[in-house]
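Single-letter residue listing:
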Amino acid sequence: MINSEILTMDYCTQGLYEILGNEGYSKFQERQKKTPQEPFVQGMLHRAGRAGFYYWLRQPDVLQKAQDPGFRFSPVKKKIYTGLQWICDCFTNGNEIPLSLDQTAEGWIISVQRNRAEKVKCPWLDFHYLAGFCQEFASWAGLGKFYRVRIHEDPEDPQILAKIIIQKDPIDS
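J.: Can you lay out the overall build of the chain for me, pointing to particular residues and giving the numbers?
T.: Helix and strand counts for the chain stand at 7 helices and 4 strands. Buried residues in the chain amount to 46% of all 173 residues. Considering only contacts in the chain between residues 6 or more positions apart, those separated by 24 or more positions represent 62%. Within the structure as shown, the chain displays about 9,300 Å² of accessible surface, and the carbon and sulfur contribution to it stands at 51%.

J.: Provide a residue-level description of the nonpolar core, including the pertinent values.
T.: If you look at the biggest cluster of nonpolar residues, it comprises 40 residues, and the most contacted ones within it are Leu84, Ile110 and Ile166. Of all the secondary-structure elements, those providing two or more residues to this core are α1 (4-34), α2 (39-57), α3 (60-67), α5 (76-95), β1 (99-103), β2 (107-113), α7 (127-141) and β4 (160-167). No other element matches the 9 residues that α7 contributes to this core.

J.: Let's hear about the sheet that holds strand β3 (residues 149-152): which residues, and what values?
T.: As summarised here, the arrangement of the 4 strands in space is β1-β2-β4-β3, forming an open sheet in which the pairing is antiparallel. At either end of the open sheet lies a strand with only one pairing partner, and these are β1 and β3. Mean inter-strand twist for the sheet, computed between neighbouring axes without regard to direction, equals 20°. Looking at chain direction, β3 and β4 are connected through 4 bridges and run antiparallel. Pairing of Val149 across the sheet is with Ile166, part of β4. Of the strands in this sheet, β1, β2, β3 and β4 are in contact with α7, which crosses β4 at around 25°.

J.: Can you lay out unusual backbone geometry for me, pointing to particular residues and giving the numbers?
T.: A positive phi angle, near 60°, is found at Leu143, a position not held by glycine. Inspection of the secondary structure puts Leu143 in the loop between α7 and β3. Given the relative accessible area of 66%, Leu143 is considered exposed.

J.: Any details on the pattern of salt bridges? Residues and values, ideally.
T.: Two side chains with opposite charge may pair up if their charged atoms get near one another. Scanning all chains against the criterion turns up 4 salt bridges. Between Glu38 and Arg31 there is a salt bridge, and its shortest N-O distance comes to 2.5 Å. Judged by relative accessible area, Glu38 falls into the partly exposed class, the value being 23%. Using a relative accessible area of 34% as the deciding quantity, one classes Arg31 as partly exposed. Taking the shortest distance from any N to any O, the salt bridge between Glu136 and Arg50 comes out at 2.6 Å. Note that Glu136 is positioned in helix α7 and Arg50 in helix α2, a separation of 86 residues in sequence. As far as the burial class goes, Glu136 and Arg50 line up, both buried.

Procedures and definitions
- Residues numbered from 1 in each chain as written.
- Predicted model: local features only at pLDDT ≥ 70, side-chain atom pairs only at ≥ 80, totals over all residues.
- Heavy atoms only, no water.
- Helix = DSSP H or I, 4+ residues; strand = E, 2+ residues; numbered from the N terminus.
- Buried < 20%, exposed > 50% of the residue type's maximum accessible area, 1.4 Å probe, protein only.
- Contact = heavy atoms within 4.5 Å.
- Areas by Shrake-Rupley, 256 points an atom, 1.4 Å probe, with all protein chains shown as cover.
- Core = buried A, V, L, I, M, F, W, Y, C linked by side-chain atoms within 4.5 Å.
- Pairing = 2+ DSSP bridges.
- Axes fitted to C-alpha atoms, helices over the stretch in contact; angles between N-to-C directions.
- Salt bridge = Lys/Arg side-chain N within 4 Å of Asp/Glu carboxyl O.

Interpretation in functional terms is not warranted from these geometric data alone.
If you want it as structure tokens, here you go:
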């Protein structure tokens, strides 16, 4: 049995290594601790999430689901919704990061619930990493189209820490 916590940690680590290299990775970790709200740090985490998606996709259980004809031949928006649910399940079950998925006419909304998420301090909990990860998935499942993603860190619901919103209509349609 594969430990999904280690795999998820590997997604973040591998994504950062891919974009920053060994030396840059160490320097980035220091910078992230000192200035987590800096746009450079947030942008690098977003990019690491996009890169980390492909490491997640290589996992045998995910690859098996992705190759299933029921998934592969689904309409694009259904495929994206199904895949975002897999991502939420992976992060929730493997890492105790409580994510839930909802959809509206305009987009898919991933909510990070406050109660347990605040106790889990890890780099892949960063909303910018999660947003990049989900954005890359949507592009992969959406036939290479680019989907706008935004983070809402101050939702009205006191039980929600943040919301990641992925627009249903691609930018380049």
